[in-house]
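Per-entry structural report
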Amino acid sequence: MVETSEAGEVFTLKRALIEAFKTKSGMLSAIILAFFIIVSIFAGNIVSYDKALNWNNPKAWEELPRLAMPEWACMIYSKNFPRTIIIDSRNTEDYRVIKVRTPVPGRNSSSVLIEEVFEYEYDDFPSEVSVFFDVKFGDIQPKIEVYWVKPDGSEILLFKGLAKLHNFTLYITKDPKLVEKLYEYVEEVYGHREEYIAPSVVLFAQTGEGMHTPETAKVLKTDVEKYKLRVKADLYGKDDDINVKLIVYGKVHGFAGTDDRRRDIFVAMVWGIPIALSFGVVASVSISLIQALFGAMAAWYGGAVDNAISRLTEIYMIIPFLPILIVISFIYRLTIWMLLLVVVALSLFGGTVLTIRSLVMQIKTESYIEAAISYGASSWRIVLIYIMPRVISVIFPGIVMSVPAYVFLEAALALLNLGDPTFPTLGKVISDSLNGGAVYHGYWWWVLLPSSVIIFIAVAFALLGYTLDKIVNPKLREQ
Amino acid sequence: MAPILEVKNLYLYYRTRKGDVKAVDDVSFTLEKGSTLALVGESGCGKSSTVIAITRLLPRNTSRYEGKVILEGKTDLMKLDDETFRREIRWRKISMVFQGAFNALNPVITIGDQVAEPLIIHDNVPKEEALERAKKVLEYVRLPDYVLTRYPHELSGGMKQRVVIAMALIMNPDIVILDEPTSALDVITQANIMNLLKRLKKELLLSYIFITHDLSLASELADRVAVMYGGKLVEVGPAEEIYNNPKHPYTVKLIGSVPTLRTDKKLEFIPGTPPNLINPPPGCRFHPRCPYAKDKCRKEEPPVVEVGKDHYVMCWLNSG
C-alpha cells in the first residue's frame, strides 16, 4: 500500500534535513554546526559577557601581555615561552610575597620592606615588566626605593624618589627615565655605554658580555636563588601603607593570544561566533522568508498586487546594495543589530521574489489549492498554510547557503571600518589586525584564528546547503 | 417539497483573446433531496463549468455569470456575497469531491490535518477535537486509524479517493458534488468507491451531483441523468428513461458507444469534433454531427419539450 519514495516527490523540511544529515558532507557540517551552536549557547560560561563589553576599555586588559602568541605556540616552536607572572603584595596568602613593617619608635612613621620573589624557568625573555603602586599617605609623601635583584646577586636600583600619587605605575622597560637606570647598569658591567639595549632582556639575562640584546644574551634561569623585586619605603603617617603589584608580561597568553592593545583574542572569538551566527541566520532567514512571502502574494493575488510587487522588485534589484549600505553605516555608525535591520530593509524585494512568484503561479493551479478554496479556506490561510510550506522546502537550501554571505558581509563592513565599534566581532578583530600590521609583522594568530572561525562557519553552511539542494532539487541528484 | 437545489437559466462565459467561450449556456435542472443527478457528456461540454458556476470557483477571466441557483427553495446562492457564501454554503451545504484525488491532497500536510481543515476553518474547532472527528469520518469511509498521520504519497489511489470523500463529508453537507470521482482508478477500486458512495448516500441522506463521461458508471448511481452537449443541456430525465428510451440523437449515440463485455456489438462513435464554444454552430449545436439533421436544425435553436414524465429533450425531431 505504501508507495516508495521517488524523484520528484515533495519533501517536507524535516525529512529533507534528516536525509541531508545522513550523507557524509551533511554529517560533517552537522558536527561543525553543532560545535558552533554549543559554543554560542555556552559563550557566557566560557568567557564572561563583561569581558566582551569591556573590549574597548584599556583598564580591563592591563594585566595581559601585548601581542602574545597562543600558548600552544610553544609546541610549534618547541620552546618554553614565558607566561605572565603577576605578584601582588595585597595578596598576603601568596608565598612569594614578603612584607615587613618596622615602626620607628616614638613616632608615627615606619619603614616598610616588600620583597616579591619568583622563579623564572622559561626559554625566552619576557616582553615587558611593570610595577603598579598603591600608596596610602597623608601630608608627607613617602620615600620609595625599588631594586631588581637577579639570582646571581647583581642588584639594580630601578627607582628612587617620592610617591607623588596614590596610584602610579613604573613602566620599567618602557619609561625612558627608568630605562636610563638600565643603561647605567649595562655601562657599569661593560665599562662602556651601549647605543641600544633591550630593557626586559637586561633584567633577565646572565650578567656579562652580550647581556644587552636578545640575540647575544642568555636567559638566567633560577634554581636555588630567585629573582626579587625589592621595594623599600619610608612612611610618615600612622595609617600610611604601600602595596606593590609586579607584572612580568610573558610572550604567550591563553588559547588565542592577544592583540596590540593587550586584548584577549579568545574573547572576541567566543563572542564573535554567536554574533556571526545570529547575524547570518537572522538576515538570511528573514530576507528569504519575506521575499518568498512577497513572491507568493504576487502570484496568488495577481493584478495590481502582482504589478506593484514585481515593479518594486525590479527597482530594488537595480539599487546598488553595498554602496548604499556603506553610506548608511558611514553616516549613522550603526550597531550590529541596526546594521542587520538595514540589511533586511534593503533586501525586502529581490531575486527570490521572482523565483517564488513563478513557482507559486504553478502551485496555485494545483487541484488541492482549488479544493482548499472550495472548502472555504481564506486567501491568507491558503498562502500561509498551503503554499508557504511548499515554497520553504524549495528556498531552504538557498537560505542555508546564503548565511555565510551575510557573515562575510558583516566582516567586510568591519574591514571598511564601518562595523559595530562597541562590541568585538570576528570581522572587527580581523580589521584591527590589518590596521595593526599583523600580516606585515607576522602576528599570525591575530589574523588566522578569527578568519578560520569565519571560514569554518561558511564551510559548514555551504556543505549543508549543497547537500540539501541535492535532496530537495531532484535535477541535481546524481544518476 | 421543494427540490434541494434548483438551477435556472445558468450562464457561465469565459473571456479569451479570440472571444467568449460559452461554457455553460442557459442550463436549468433540479436536484431532489436524497437523489442523484448524473451530469454526463464528452470532455469540454461544460460539465465541470456547471459545477464551477454552482460552487462559485470562478476563474479570473469570467465574462458572464448569471442565472439562479436556489437552495432548498429559499436561498438564491447567486445573490449572496462571497464572504457569506464562503461561511454559510461552502462545505456546510455543498461540498465537493475533486477530479483526480491524487492532486486534490496537499502533499506536505498529513491526512488527519487535511481532513480536519474544513472544521478548523469553519467552526474554529480545537485541533484535537477536529482530529477526533476526522478519525470518525475516516472510519466511515472504511480507512484505518493510522492514515491520520500519513502523508498523501504514502497512500494508494483508492485510499486517497476515500480520504477525499471523507473530507467532503466532515461538515455533514446536504449536497455532495462528485467530479469524476473514479476517473483515475482501476475497475476494482472504482467498484469499491461506487459501493461506498451508494452506502453513504443511503445512510447520510445525501444528494449527489455526479459528473462523469462514463454512462455505465452513471447508471450505477443516478436517479436522473442530464446529458450535456456544447454547453447546453440536451436531454434530462429519469435514469430508466434515458437508458431505455433515449430521445436525443446525441444520447442515442453516446449509449451506443458504451462497450459491453464479450458481445459482438460494433462500437459506435460520433463523427466530427465537439463544437467550438467560442463560435457555436447556429441552430442546434449538434447538427454538424447529427445524422438526422434537417434544414430547420441548422437555423433555429430547438425548444425544450417534455416527452415523458419529467423527461425533457431539446431537439427538433421530438417537436415536430
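Not measured: the values here are computed from a predicted model.

What follows deals with the overall build of chain B. When its secondary structure is counted, chain B shows 11 helices and 12 strands. Against the globule reference of 20 Å for 320 residues, chain B gives a C-alpha radius of gyration of 20 Å, in line with a compact fold. With respect to the three principal axes, the spread of C-alpha positions in chain B is 65 × 50 × 45 Å. Going through the 320 residues of chain B one by one, you find that 55% of them count as buried. In chain B, 64% of the contacts between residues at least 6 apart in sequence involve partners at least 24 apart. Carbon and sulfur atoms form 50% of the exposed surface of chain B, whose accessible area is close to 14,400 Å². In chain B, 44 side chains carry a positive charge and 40 a negative one; their mean positions are 3 Å apart.

Turning our attention to the pattern of salt bridges. Side chains carrying opposite charge are able to pair once their charged atoms draw close together. Under the definition given, this model contains 43 salt bridges over all chains. Salt-bridge contacts for B:Glu72 lead to B:Lys74; the nearest nitrogen and oxygen are separated by 4.0 Å. Residue B:Glu72 is classed as partly exposed on the basis of its relative accessible area of 28%. Take B:Lys74: its relative accessible area is 65%, and that puts it in the exposed class. Three or more residues joined by partner-sharing salt bridges are found here, namely A:Asp259, A:Arg263, A:Lys428 and A:Asp432.

For the rest of this paragraph, the subject is the pairing of strand β6 (residues 155–162) of chain A. Residue and element names in this part refer to chain A. Bridge count for strand β5 (residues 143–149) against β6 is seven bridges, and the pairing is antiparallel. Within β6, the position partnered with Tyr147 by the bridge is Leu157. Two successive antiparallel strands, β5 and β6, enclose a turn made up of five residues, where Gly153 displays a positive phi of approximately 100°.

Attention shifts here to the interface of chain A and chain B. Across the boundary between the two partners, chain A contributes 27 residues, which contact 27 residues of chain B. Counting each side, the surface lost to burial between chain A and chain B is near 2,300 Å², with a carbon and sulfur contribution of 60%. Summed over the shared surface of chain A and chain B, the number is one salt bridge. The shortest N-O distance in the salt bridge between A:Arg381 and B:Glu117 comes to 2.6 Å. Across the contact surface, chain A and chain B share six residue pairs in polar contact (both at pLDDT 80 or more). Examining the composition of the side of chain A that touches chain B, we find that six residues originate from one element, helix α13 (residues 367–374) of chain A, more than from any other. Looking at side-chain class alone, the side of chain A that touches chain B contains 14 nonpolar, six polar and seven charged residues.

Before going further, it helps to spend a moment on the sheet that holds strand β9 (residues 241–249) of chain A. Residues and elements named next belong to chain A. Spatially, four strands are ordered β1-β9-β4-β7 in an open sheet, and the strand pairing comes out antiparallel. Looking along the sheet, the strands with just one partner apiece sit at the ends: β1 (85–88) and β7 (167–171). Shown here is a sheet whose adjacent strand axes are inclined to one another by a mean of 15°, direction ignored. Of the pairings in the sheet, the one linking β1 to β9 comprises four bridges and is antiparallel in character. Pairing of Ile86 across the sheet is with Ile247, part of β9.

Attention now moves to the nonpolar core. With 127 residues, the main nonpolar core has A:Ile387, A:Val391, B:Leu5, B:Ile54, B:Leu138, B:Val141 and B:Ile165 as its most contacted residues. Sequence-distant contacts of B:Leu138, defined by excluding residues within four places in its chain, comprise B:Ile111, B:Val115, B:Leu143, B:Val147, B:Leu148, B:Val163 and B:Ala166. Grouped together as the second largest cluster of nonpolar side chains are 66 residues, A:Val39, A:Phe279, A:Leu413 and A:Leu464 included.

Residue and element names in this part refer to chain A. A contiguous nonpolar patch, built from Ile37, Ile38, Ile41, Phe42 and Ile46 and spanning about 470 Å² of accessible area, is present on the exposed surface. Broken down by element, the residue count for the nonpolar patch peaks at three residues, all from helix α2 (residues 24–41). Summarising the element assignment, Ile37 is placed in helix α2.

Okay, the packing of helix α14 (residues 379–415) of chain A against helix α17 (residues 444–472) of chain A next. Residues and elements named next belong to chain A. Axis separation between α14 and α17 bottoms out at 8 Å; the angle between their running directions is 165°. Between α14 and α17, the crossing angle belongs to the class labelled roughly antiparallel. Seen from above, α14 lies across α17 with left-handed handedness. Here α14 contributes Ser393, Val394, Phe396, Pro397, Val400, Met401, Val403, Pro404, Val407, Phe408 and Ala411 to the contact with α17, which in turn contributes Ile454, Ile457, Ala458, Phe461, Ala462, Leu464, Gly465, Tyr466, Leu468, Asp469 and Val472.

The next thing to look at is the state of the cysteines. All names here are of chain B. This structure, assessed with the given rule, holds zero disulfides over all chains. Note on Cys284: no disulfide assigned, nearest cysteine sulfur contributed by Cys297 at a separation of 6.0 Å. Residue class for Cys284 comes out buried when judged on its relative accessible area of 11%.

All names here are of chain B. Overall, mixed pairing links the eight strands, which are arranged β6-β7-β8-β3-β9-β10-β12-β11 in an open sheet. In this open sheet, the two edge strands, each paired with only one partner strand, are β6 (94–97) and β11 (304–308). Across this sheet, the average inter-strand angle for adjacent strands is 20°, counted without regard to direction. In this sheet, strand β8 (residues 207–212) lies alongside strand β3 (residues 36–40) in parallel orientation, the contact comprising five bridges. Bridge assignment links Leu37 to a residue of β8, and that residue is Ile209. Its contacts with the sheet place helix α6 (residues 157–169) against β6 and β7 (175–179), and it is angled at close to 175° to β6.

A separate point is the side chain of B:Arg56. Residues and elements named next belong to chain B. Structurally, Arg56 can be placed in the loop between α1 (47–55) and β4 (62–71). Here Leu77 takes part through its backbone oxygen, which lies 2.6 Å from a polar atom of the side chain of Arg56. At 2.7 Å, the side chain of Arg56 forms a polar contact with the side chain of Asp82.

This next bit is on the confidence of the model for chain B. Residue and element names in this part refer to chain B. Per-residue confidence for chain B gives a mean pLDDT of 88, with 99% of residues at or over 70. Per-element mean pLDDT across chain B ranges from 75 in helix α3 (residues 101–104) up to 93 in β3. As scored by the predictor, the complex reaches a pTM of 0.77 and an ipTM of 0.77.

All names here are of chain B. Within this structure, the stated rule accounts for five cavities of 30 Å³ or more. Approximately 80 Å³ is the volume attributed to the largest cavity. Around the largest cavity, the lining residues are Tyr229, Lys232, Val234, His248, Gly283, Cys284, Arg285, Phe286, Glu301, Pro302 and Met314. Residue classes in the lining of the largest cavity are distributed as six nonpolar, two polar and three charged.

Turning next to the layout of surface pockets. The space that makes up the largest pocket amounts to roughly 790 Å³. Lining of the largest pocket is provided by 23 residues; of these, A:Trp300, A:Ile373, B:Arg56, B:Leu57 and B:Leu58 occupy positions nearest its centre. The set of elements that each furnish at least two residues to the lining of the largest pocket consists of α8 (265–301), α13 and α14 of chain A together with α2 (82–89) of chain B. When residues of the lining of the largest pocket are assigned to their parent elements, the largest contribution, four residues, is made by α2(B). Broken down by class, the residue content of the lining of the largest pocket amounts to 11 nonpolar, three polar and nine charged.

Attention now moves to the packing of aromatic side chains. All names here are of chain A. Considering all chains together, one arrives at 28 aromatic pairs over all chains under this definition. Ring geometry for Phe118 and Phe204: centres 6.3 Å apart, planes at 50°, overall tilted. Here Phe118 is found in strand β3 (residues 110–118), whereas its partner Phe204 is found in helix α7 (residues 199–204), with 86 residues between them in sequence. The exposure class of Phe118 is buried, given its relative accessible area of 2%. Among the residues examined, Phe204 registers a relative accessible area of 0% and is labelled buried. Look at Phe294 and Phe349: their rings are 4.5 Å apart centre to centre, the planes differ by 25°, and that puts the pair in the stacked class.

Rules behind the numbers
Residues numbered from 1 in each chain as written. Chains lettered and ligands numbered in written order. Predicted model: local features only at pLDDT ≥ 70, side-chain atom pairs only at ≥ 80, totals over all residues. Heavy atoms only, no water. Helix = DSSP H or I, 4+ residues; strand = E, 2+ residues; numbered from the N terminus. Rg over C-alpha atoms; globule rule 2.2 N^0.38 Å. Buried < 20%, exposed > 50% of the residue type's maximum accessible area, 1.4 Å probe, protein only. Contact = heavy atoms within 4.5 Å. Areas by Shrake-Rupley, 256 points an atom, 1.4 Å probe, with all protein chains shown as cover. Lys, Arg positive; Asp, Glu negative; His and termini not counted. Charge placed at Lys NZ, Arg CZ, Asp CG, Glu CD. Salt bridge = Lys/Arg side-chain N within 4 Å of Asp/Glu carboxyl O. Pairing = 2+ DSSP bridges. Buried area = accessible area lost by both parts, 1.4 Å probe. Polar contact = N/O pair within 3.5 Å; in protein donor to acceptor, adjacent residues only side chain to side chain. Nonpolar A, V, L, I, M, F, W, Y, C, P; charged D, E, K, R; others polar. Axes fitted to C-alpha atoms, helices over the stretch in contact; angles between N-to-C directions. Core = buried A, V, L, I, M, F, W, Y, C linked by side-chain atoms within 4.5 Å. Patch = residues over 30% accessible without salt bridge, like charges linked within 9 Å, V, L, I, M, F, W, Y side chains within 5 Å. Parallel < 35°, antiparallel > 145°, perpendicular 65-115°, else oblique. Left-handed = near helix turned anticlockwise from the far one by under 90°. Disulfide = S-S within 2.5 Å. pLDDT = per-residue confidence, 0-100. 1 Å grid on protein atoms, 1.4 Å probe; cavity = no way out; pocket = protein on both sides within 12 Å on 5 of 7 lines; lining within 4 Å. Points joined across faces, edges and corners; volume = space filled by probe spheres on them. Phe/Tyr/Trp six-rings, centres within 6.5 Å; stacked < 30°, edge-to-face > 60°.

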